[in-house]
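# Summary of structural features
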Amino acid sequence: MNELHFPWLECAIGVPLVGSILIRRFKNPEIARLVCIAITAVSFVMTLGAWIDFSIHSTAPAAQATSGQLSSGMQWHSGDTVGPHLLTIDNLNAPLLPLTSLLQLLVAWTTLRSKLKQFPFSLFLFRSTVLLAAFSCRDPWAVISLIALAMIPPWMELRERQQPTRIYTLYMGTCVLLMFVGQYLVTSMPDHSPGELAGTILLVLAVLIRTGMFPFQTWLPDLFQRATFGTALMFVAPMPGVYLATRLLLPTAPDWILRTVALISVFTAIYAAGLALVQKETRRFYAYLFLSQSSLV
């Protein structure tokens, strides 16, 4: 197995992290916006390079689901910069990384000048780093930890904007608790034991909360109404909850659990689409629209 000749992933993740620190120096919001656009553009180029490099060197068949498990085809370890084999590119996340970076670039590019003073560029870049790192991991504990870390910047923004955080804290705190307890039970209990099944069910509940599936959708329109639109959009648009489900549930969950999640997802997609049609407030409309689309995915 070859390694990537250039540390594309490390650069893609490190550039916005460094940018989140440096951008605090710029007091002019217009300059901060331009710097943020440049940083996200560089990160996008790095993720695109990683995808191209992976596509060139990979000779394995495409990812496919076999017997309820995810086969990711050829995997490329990005080196030991942040730990041995922590960052990995495979057929699942290779296209997801540039897509996430592109969304971040578009959010920074299209932020209205009238909203620049309210937009937290530093937190935005920090969360970009965490998201890209999470999408670059296959280890369940690393994915869980990074997804949990990505929940902090929106909370900090709500606090800075002096907006209520009770609903967001309740749902995301419960999600984090269920993820860690569920994964502990799955990894520590014997295979096919009641303890492992209980852990899988807890992971399912965590995924349902994080993706805003019915009946855990209350936090999503609340976040869209109280946070900046770019923050709310990037919290749901790359669909980290779907990635979480793919990494944690698909390889080990019994078929009946996967079918149950599918049924809940279809119902949520229809339910959210119906709510989107009757909304009179723009942000709530977008919240239910994105919820419907992510439910279909």
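Cut-offs applied
Starting from 1, residues in each chain are numbered consecutively following that chain's sequence as written. Reporting of local features is limited, given that this is a predicted model, to residues whose pLDDT is at least 70; pairs of side-chain atoms are given and counted only at 80 or more, and all residues count toward the totals for whole chains, interfaces and linings. Side-chain numbers here rest on the full set of heavy atoms in the structure, without hydrogens or water. Under the DSSP-based scheme used, a helix requires at least four consecutive residues in state H or I and a strand at least two consecutive residues in state E, with every element numbered from the N terminus. Working rule for helices: expected span equals 1.5 Å times residues minus one. For each residue, the accessible area found with a 1.4 Å probe, counting protein chains only, is set against the maximum for its type, and the residue is called buried under 20%, exposed over 50%, and partly exposed in between. Salt bridge, as applied in this entry: a Lys or Arg side-chain nitrogen positioned within 4 Å of an Asp or Glu carboxyl oxygen.

### Observations concerning helix α4 (residues 121–135)
The end-to-end C-alpha separation of α4 is 21 Å, in line with the 21 Å expected for 15 residues at 1.5 Å each. The buried fraction of α4 amounts to 14 of the 15 residues, a majority that puts the element mostly inside the structure.

### Quick word on the pattern of salt bridges
Across all of its chains, the model carries four salt bridges by this definition. A salt bridge links Asp 90 to Arg 247; the nearest nitrogen and oxygen atoms lie 3.0 Å apart. Here the residue Asp 90 occupies a position in the loop between β4 (88–89) and α3 (96–110), and Arg 247 occupies one in helix α11 (residues 240–248), the gap between them amounting to 157 residues. The class for Asp 90 is buried, based on a relative accessible area of 0%. Note that Arg 226 and Asp 222 form a salt bridge whose closest N and O atoms lie 2.8 Å from each other. Here Arg 226 pairs with Asp 222, and both are found in helix α9 (residues 219–226), just four residues apart, close to one helical turn. Assessed through its relative accessible area of 27%, Arg 226 is described here as partly exposed. Salt bridges here are not isolated pairs; linked through shared partners, they connect Asp 90, Arg 138 and Arg 247.

### Comments concerning the environment of Gln 162
With respect to the element layout, Gln 162 can be found in the loop between α6 (152–160) and α7 (166–188). We classify Gln 162 as exposed; its relative accessible area is 74%. A sequence separation of 64 residues divides Gln 162 from Arg 226, and the C-alpha atoms of the two residues are 9.4 Å apart.

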